[in-house]
Amino acid sequence: MCGIIGIENNENAAVLTSAGLLTLQHRGEESAGITISGREKMRTFKAMGLVSRIFNEEILLNKLPGTVAIGHVRYTTSSKSSLINAQPFQISCIHGNISVAHNGNITNFSKIKELLFKKGAIFNHTSDTEILLHLIAMSKGSLADIIANSLRKLEGAFSLVILKDRTLIGARDSNGFRPLVLGKIENSYIISSESAAVEVIGGKYIRDIKPGEIIVIEDGQIKKSLIYNYNKTKRQTSCIFEQVYFSRPDSIMFEQTVKEARVKMGEYLAQQMKNIKADIVMPVPDTGYFAALGFSRTSGILFENGFIRNHYVGRSFIKPSQNLRNLTATLKLRPIGEVVNGKEIILIDDSIVRGTTSKRLINVLKEAGAKKIHFALSCPPIIGPCYYGIDTPSREHLIAANNSVEKIKKYLNVNSLIFLSLDNLVKACSSGNKKSDVFCVACFTGKYPTKISKIA
Ligand SMILES: O=P(O)(O)OC[C@H]1O[C@H](OP(=O)(O)OP(=O)(O)O)[C@H](O)[C@@H]1O
Ligand SMILES: NC(=O)CC[C@H](N)C(=O)O
Ligand code: SF4
Ligand SMILES: [Mg+2]
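- For the chain, an unreviewed UniProt entry supplies the name Amidophosphoribosyltransferase and the organism Endomicrobium trichonymphae.
- In its Catalytic activity (unreviewed entry) section, UniProt records this for the chain: "5-phospho-beta-D-ribosylamine + L-glutamate + diphosphate = 5-phospho-alpha-D-ribose 1-diphosphate + L-glutamine + H2O".
- In its Function (unreviewed entry) section, UniProt records this for the chain: "Catalyzes the formation of phosphoribosylamine from phosphoribosylpyrophosphate (PRPP) and glutamine."

This is the structure we're talking about:
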């Protein structure tokens, strides 16, 4: 996953973009970048590392002058985690200077890249996003036409912010896999992966960018908004895992906060586990928190915070190597002996992917004296990889793809292991939305909503 944001018509474009990126840091911790234009020549500043380390006052105020900016935080899901693949990607082409920031994975990337190679194209990066810049450079027509024609050639997941001169463009693939919202602050429009980033910088969430929509904004006005493409099924398939794990709890998705969806996941879990009694309900911080709250409210079992989280380490699942994931999981959470000692615990996390976190946590809870552990997850077993921009690995590394629930229970050494049913997950995530048929749930079912041409 990655986080993207753009703001136009604003004297503080760089500062607000960097604040927005900080709010989206949970979507990618590997690199961050900002492109700015509107006053002087377009320029991009990007580096490996966290937003707060990269964008200090000197860089924001002196190196990034302008009124229109886009920004990106990266979590690698295509090719390498390296500076060369850090975004935004700024190019100079027949249409002038253009910069792009992308969230998602283009699933026909290899096929298009091969065709472009044969036509003599030169590539500077190794991730999927660069092909879009080639397609843009080779298209003709108005700015909206150029973007629309290019995007029609792509398959898979892409939420985008694009910058050209004083124009900010937002676009979303026709399945709407990755989130993208429109917001406003005074006379400036904002486009962002999540509404929380709009609100943190003082703006108001207006609406979601629609699947298959391109929106062109300049000088505080929406110049054009068009649906450039419908997918074959004409059905939105937004990633349900955004609500399970990826997005911030204070972001709005499907007419409710992600927090609300997670609380409901916990309430449904409590209904599924009516027969299990325990002394306390405990979340695995951070993402397990609201589901545990919902569980406790419905079951009446006491909510306890039995882990201390180290705030100086980030998210373990999105780290780029297994060594880093192991280290993060070990450093991140430590049980509080007096809370867990001698207790029968319902432990709630959002998901088991590789099993890195859960195996370690259950061991340390036992060492701290936990009497019994019932482990509950607020999504079903993950049995298939994601091709749309989340690094759920190939089947061989997915613990639930290769083992029955009973086997995982034995491996984790817990007294019970319960997964939220898919029906209940969809119900929790679609509240306020009349249709519940708007989600991609492929990693739980193995049924992918698009053809996967070749793994990008
Ligand atoms: O089975 P695994 O491969 O360990 O992956 C699943 C775990 O990773 C995530 O936590 P993470 O530390 O990434 O982020 P969080 O602080 O938001 O919970 C998720 O919340 C699970 O705890
Ligand atoms: N997870 C993402 O959204 C990453 C975007 C893009 N595929 C990259 O790897 O840079
Ligand atoms: S496969 Fe899973 S993680 Fe990927 S988009 Fe679909 S629901 Fe989200
Ligand atoms: Mg977690």
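### A few points about the overall build of the chain
Argument step 1. Each helix and strand in the chain was counted, giving 17 helices and 24 strands.
Argument step 2. Against the globule reference of 23 Å for 456 residues, the chain gives a C-alpha radius of gyration of 22 Å, in line with a compact fold.
Argument step 3. Based on the C-alpha atoms only, the size of the chain along its principal axes is roughly 70 × 45 × 40 Å.
Argument step 4. Put simply, the chain has 456 residues, and 55% of those count as buried.
Argument step 5. For the chain, contacts bridging at least 24 residues in sequence account for 71% of all contacts bridging at least 6.

### Details of the sheet that holds strand 18 (residues 302–303)
Argument step 1. With parallel pairing, the 5 strands of this open sheet are ordered in space as 18-17-21-22-23. Looking at the sheet topology across the chains shown, the edges are occupied by strand 18 and strand 23 (416–419).
Argument step 2. Where strand 17 (residues 280–283) meets strand 18, 2 bridges bridge the pair, whose relative direction is parallel. By the bridge assignment, Ile280 is partnered in strand 18 with Leu302.
Argument step 3. Set on the sheet, helix 10 (residues 289–299) makes contact with strand 17, strand 18 and strand 21 (344–349); between it and strand 17 the angle comes to about 165 degrees.

### Points about unusual backbone geometry
Argument step 1. The omega angle of the peptide bond from Gln87 to Pro88 is 5 degrees, so this bond is cis rather than trans.
Argument step 2. Along the chain, Pro88 falls in the loop between strand 4 (68–74) and strand 5 (89–93).
Argument step 3. The amide bond that connects Pro285 to the next residue, Asp286, takes the cis arrangement and shows omega of -5 degrees.
Argument step 4. Mapped onto the elements, Asp286 comes out in the loop between strand 17 and helix 10.
Argument step 5. Here Asn9, not a glycine, exhibits a phi torsion of approximately 55 degrees, which is positive.
Argument step 6. By secondary structure assignment, the location of Asn9 is in the loop between strand 1 (3–7) and helix 1 (13–23).
Argument step 7. One non-glycine residue, Ser79, lies in positive phi territory at about 65 degrees.
Argument step 8. Along the polypeptide, Ser79 turns up in the loop between strand 4 and strand 5.

### Here we look at the site of ligand 2
Argument step 1. Residues in contact with ligand 2 amount to 16 residues; listed here are only the nearest, Cys2, Thr77, Ser78, Asn103 and Gly389.
Argument step 2. Of the residues assigned to the shell around ligand 2, the class counts are 3 nonpolar, 11 polar and 2 charged.

### Observations regarding the domain arrangement of the chain
Frequently, the measure chosen for interface size is the accessible area removed from exposure when the parts meet.
Argument step 1. Along its sequence, the chain is carved into domain 1 (3–236) and domain 2 (252–436).
Argument step 2. Between the C-alpha centres of domain 1 and domain 2 there is a distance of 32 Å.
Argument step 3. Each side of the interface is counted separately: domain 1 has 18 residues, and domain 2 has 11 residues.

### Quick look at the packing of helix 9 (residues 258–272) against helix 16 (residues 422–429)
Argument step 1. Between helix 9 and helix 16, the least distance of the axes is 8 Å, while the angle of their chain directions is 145 degrees. When the axes of helix 9 and helix 16 are compared, the crossing they make is right-handed. Counted together, Ala261, Lys264, Met265 and Tyr268 of helix 9 and Asn424, Leu425, Lys427, Ala428 and Cys429 of helix 16 form the full contact between these two elements.
Argument step 2. Here the residues of the contact of helix 9 with helix 16 sort into 6 nonpolar, 1 polar and 2 charged.

### Quick look at helix 16
Argument step 1. Asn424, Leu425, Ala428 and Cys429 are the residues of helix 16 that are buried. Projected onto a plane normal to the axis of helix 16, the buried residues spread over an arc of 130 degrees and lie on a single side.
Argument step 2. Those residues of helix 16 that are buried are in contact with helix 8 (241–246), helix 9 and strand 24 (439–440).

### Re helix 5 (residues 130–138)
One full turn of an α-helix is made of 3.6 residues, so residues set three or four places apart face in the same direction.
Argument step 1. With 7 of 9 residues buried, helix 5 lies mostly within the body of the structure.
Argument step 2. For helix 5, the set of buried residues is Glu130, Ile131, Leu132, Leu133, His134, Leu135 and Ile136.
Argument step 3. Where the residues of helix 5 are buried, they touch strand 5, strand 6 (96–103), helix 4 (109–118) and helix 6 (143–152).

### Brief notes about the UniProt feature "domain: Glutamine amidotransferase type-2" (unreviewed entry) in the chain
Argument step 1. Here, UniProt's "domain: Glutamine amidotransferase type-2" (unreviewed entry) annotation points to residues 2–220.
Argument step 2. Regarding residues 2–220, the helix share stands at 26% and the strand share at 32%, and the terminal C-alpha atoms are separated by 26 Å.

### Topic: the site of ligand 3
Argument step 1. Around ligand 3 lies a shell formed by Phe177, Cys239, Ile240, Phe241, Cys386, Tyr388, Ile390, Thr392, Cys440, Val441, Ala442 and Cys443.
Argument step 2. A per-class count over the shell around ligand 3 returns 11 nonpolar, 1 polar and no charged.

### Quick look at the confidence of the model for the chain
Argument step 1. A residue-level look at the chain finds 98% of positions with pLDDT of 70 or above and a mean pLDDT of 94.
Argument step 2. Across the interfaces of the predicted complex, the ipTM metric reaches 0.97, alongside a pTM of 0.96.

Parameters and conventions
- Residues numbered from 1 in each chain as written.
- Chains lettered and ligands numbered in written order.
- Predicted model: local features only at pLDDT ≥ 70, side-chain atom pairs only at ≥ 80, totals over all residues.
- UniProt positions renumbered as here; feature names shortened; annotations may be inferred.
- Helix = DSSP H or I, 4+ residues; strand = E, 2+ residues; numbered from the N terminus.
- Rg over C-alpha atoms; globule rule 2.2 N^0.38 Å.
- Buried ≥ 20, exposed ≤ 12 C-beta atoms within 10 Å, placed from the backbone.
- Contact = placed C-beta atoms within 7 Å.
- Pairing = 2+ DSSP bridges.
- Axes fitted to C-alpha atoms, helices over the stretch in contact; angles between N-to-C directions.
- Near = placed C-beta within 6 Å.
- Nonpolar A, V, L, I, M, F, W, Y, C, P; charged D, E, K, R; others polar.
- Domains from an automatic or database assignment.
- Left-handed = near helix turned anticlockwise from the far one by under 90°.
- Arc of directions from axis to C-beta.
- pLDDT = per-residue confidence, 0-100.

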